[in-house]
Number of protein chains: 2
Amino acid sequence: MQKIHKVKSDAVNMRENPENGMQYLETEDAAAETQLERATEALRDLILRGTFPVDEKLPETRVAELLGVSRTPARLAMAVLEQDGLLVRLPRRGFRVRSFSLDEVVEAIEVRGEVEAIAARVVAERGLHADHCARMEACIGRAEILLKNAPFEAAQRRDWCRMNVDFHDALVTACGLRPLWSAYAKVNLVPLASPRDIMFNVARPELSRRQLEATHEDHARILDAIQARHSTRAAALVREHAYRSGENKRRNFPDIRMRTMVIETPGVALVRPSPAE
Amino acid sequence: MQKIHKVKSDAVNMRENPENGMQYLETEDAAAETQLERATEALRDLILRGTFPVDEKLPETRVAELLGVSRTPARLAMAVLEQDGLLVRLPRRGFRVRSFSLDEVVEAIEVRGEVEAIAARVVAERGLHADHCARMEACIGRAEILLKNAPFEAAQRRDWCRMNVDFHDALVTACGLRPLWSAYAKVNLVPLASPRDIMFNVARPELSRRQLEATHEDHARILDAIQARHSTRAAALVREHAYRSGENKRRNFPDIRMRTMVIETPGVALVRPSPAE
DNA sequence: GGATGAGATTTTGCATGCAAAAAATCCACA
DNA sequence: TGTGGATTTTTTGCATGCAAAATCTCATCC
């Protein structure tokens, strides 16, 4: 249940936001979403979408007006995104949009694989709690259903990404090491590195399909290994799963750039083909 | 070379900071340290020192006056420390100082060990670059010299911590995976979890000495394994090194609380004995 | 022609003001 | 004495103003 938060009626402090119809939404209970949070997510989205030229200065005035807020929350949001690694702070000159080399993306995926491998090993050693087991099995079920529909539409692509995120999140959550989750979350901030960032080749759906089937099989084997308490095997499978994902990214990236592939994956715009940083 | 940055002479905007003698220092070159950065570090220090009661609200007015800045940079600093996990944001009620269970600290050290183990394995596989090798050997040399002086004074304790940080940082740097460094840095933000956070038992120096010698030997063996390209052995040694560190923390913690040990280690004040979060 | 620098302009960083939300206080009444 | 509600006080969140720094402009000089 949601309701419209009342807007200040004061003439001076009025900050109606013409280009942003829905605004001041907050949940009934207590999670009063502050302007800063919305601004942060909106800005993150804009950056990942490639709204701003990479490696160039991003003036806070521009951000403020794009987001329809004053400079204060805009600046706050930029500070947050700096911590997330999307922006770089220049001493007394504001912020710059950070770019990432494809190599760095692949490295991030590799590291994510290592982190998840730790989780898999620990879970396999300590045993998988029923809740998490159910959650992972549900993911595998969802994948099976999705795979039945031959050509993936946009909605199904979204569903597949969600399923994938859910599976990987469940794995890391299941191991119960909170600091491991922070590390996982941190690495996922690199564009294209998170389990959410799957690239679909729409021009040649059979290629994507092959990758999805491989993913599905990986997931099933990983869960199987964990349930069988094969910790080393589980870790190795997870590592390989991530390795494959990294290789896919590297292979698919040129296609993206050449527009034979949908660019719905957020963050693509921030990634440079390959050369040094 | 440093110089005093000029202070605004405007009467209204004056913000002399009585309790903070040195101020407005900036390096000659270009790294103009902004007020926010100083505020952030100062606040981090205050929090880690236990200036504020844990799990209680921290009003931004208090922070602002303690730091001698206005509320704007104070709030900025608090936002940064929220990202670092030291503060928790309450929806519309500002921030709260976060506390950590001893279990979580030990978990963080365990995770750090895993991350460093990855680094060790990768470095051993790919080979250790001469620069990093020299840096790590230098650390081992420094440790040997320090260990010759029997009772550790405060200065030597500081030096030892620096040496330790240097060794561990060098290891993670050497592997060359930038995203691994982020994960490492993230985990190190948990109080008492970083290689800097060594607890010395001053009441019983022979205990600390034993631990230091063990650390020294670990370092030497780790470097040896890496140089010999024994990747699995290197990883195992690193893991064990961290495990030992975690156990030491757990064992030493009660002594700290009972004041038989110096509390110069930052962050001790944020750690609860053991119960749930 | 290209470098140089004085002045104008923009942009950043911070302090402050103000309204809404939260917390504290007080008071009436049982 | 304890409790509920209304009122006051405090605190948060944001917009804005202003000065210093950075950047740009353009005319001058070598």
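Right above here is the structure, for reference.
Quick caveat, the model's predicted, so the values are computed rather than measured.

### Describing the packing of helix α4 (residues 102-126) of chain A against helix α6 (residues 154-174) of chain A
Residues and elements named next belong to chain A. Contact geometry of α4 with α6 gives a least axis separation of 8 Å together with a crossing angle of 55°. Our classification of the angle between α4 and α6 gives oblique. Between α4 and α6 the crossing geometry is left-handed. Facing α4, whose interface residues are Arg-112, Glu-116, Ala-119, Ala-120 and Val-123, α6 presents His-168, Leu-171, Val-172 and Ala-174.

### Here we look at the environment of Ala-242 of chain B
Residues and elements named next belong to chain B. Among the secondary structure elements, Ala-242 is positioned in helix α9 (residues 231-257). For the pair Ala-242 and Glu-110, spaced 132 residues apart in sequence, the C-alpha to C-alpha distance is 6.2 Å. Each residue touching Ala-242, except ones within four places of it in the same chain, is listed here: Ile-109 and Gly-113.

### Let's talk about the packing of aromatic side chains
All names here are of chain A. Enumeration over the complete set of coordinates arrives at six aromatic pairs over all chains. Each ring, one from Trp-181 and one from Tyr-184, has its centre 5.2 Å from the other, and the planes form 55°; the classification is tilted. Of this pair, Trp-181 and Tyr-184 both sit in helix α7 (residues 178-187), three residues apart, roughly one helical turn. What makes Trp-181 partly exposed here is its relative accessible area of 34%. Judged by its relative accessible area of 1%, Tyr-184 falls in the buried class.

The rules behind these values
Residues numbered from 1 in each chain as written. Chains lettered and ligands numbered in written order. Predicted model: local features only at pLDDT ≥ 70, side-chain atom pairs only at ≥ 80, totals over all residues. Heavy atoms only, no water. Axes fitted to C-alpha atoms, helices over the stretch in contact; angles between N-to-C directions. Helix = DSSP H or I, 4+ residues; strand = E, 2+ residues; numbered from the N terminus. Parallel < 35°, antiparallel > 145°, perpendicular 65-115°, else oblique. Left-handed = near helix turned anticlockwise from the far one by under 90°. Contact = heavy atoms within 4.5 Å. Phe/Tyr/Trp six-rings, centres within 6.5 Å; stacked < 30°, edge-to-face > 60°. Buried < 20%, exposed > 50% of the residue type's maximum accessible area, 1.4 Å probe, protein only.

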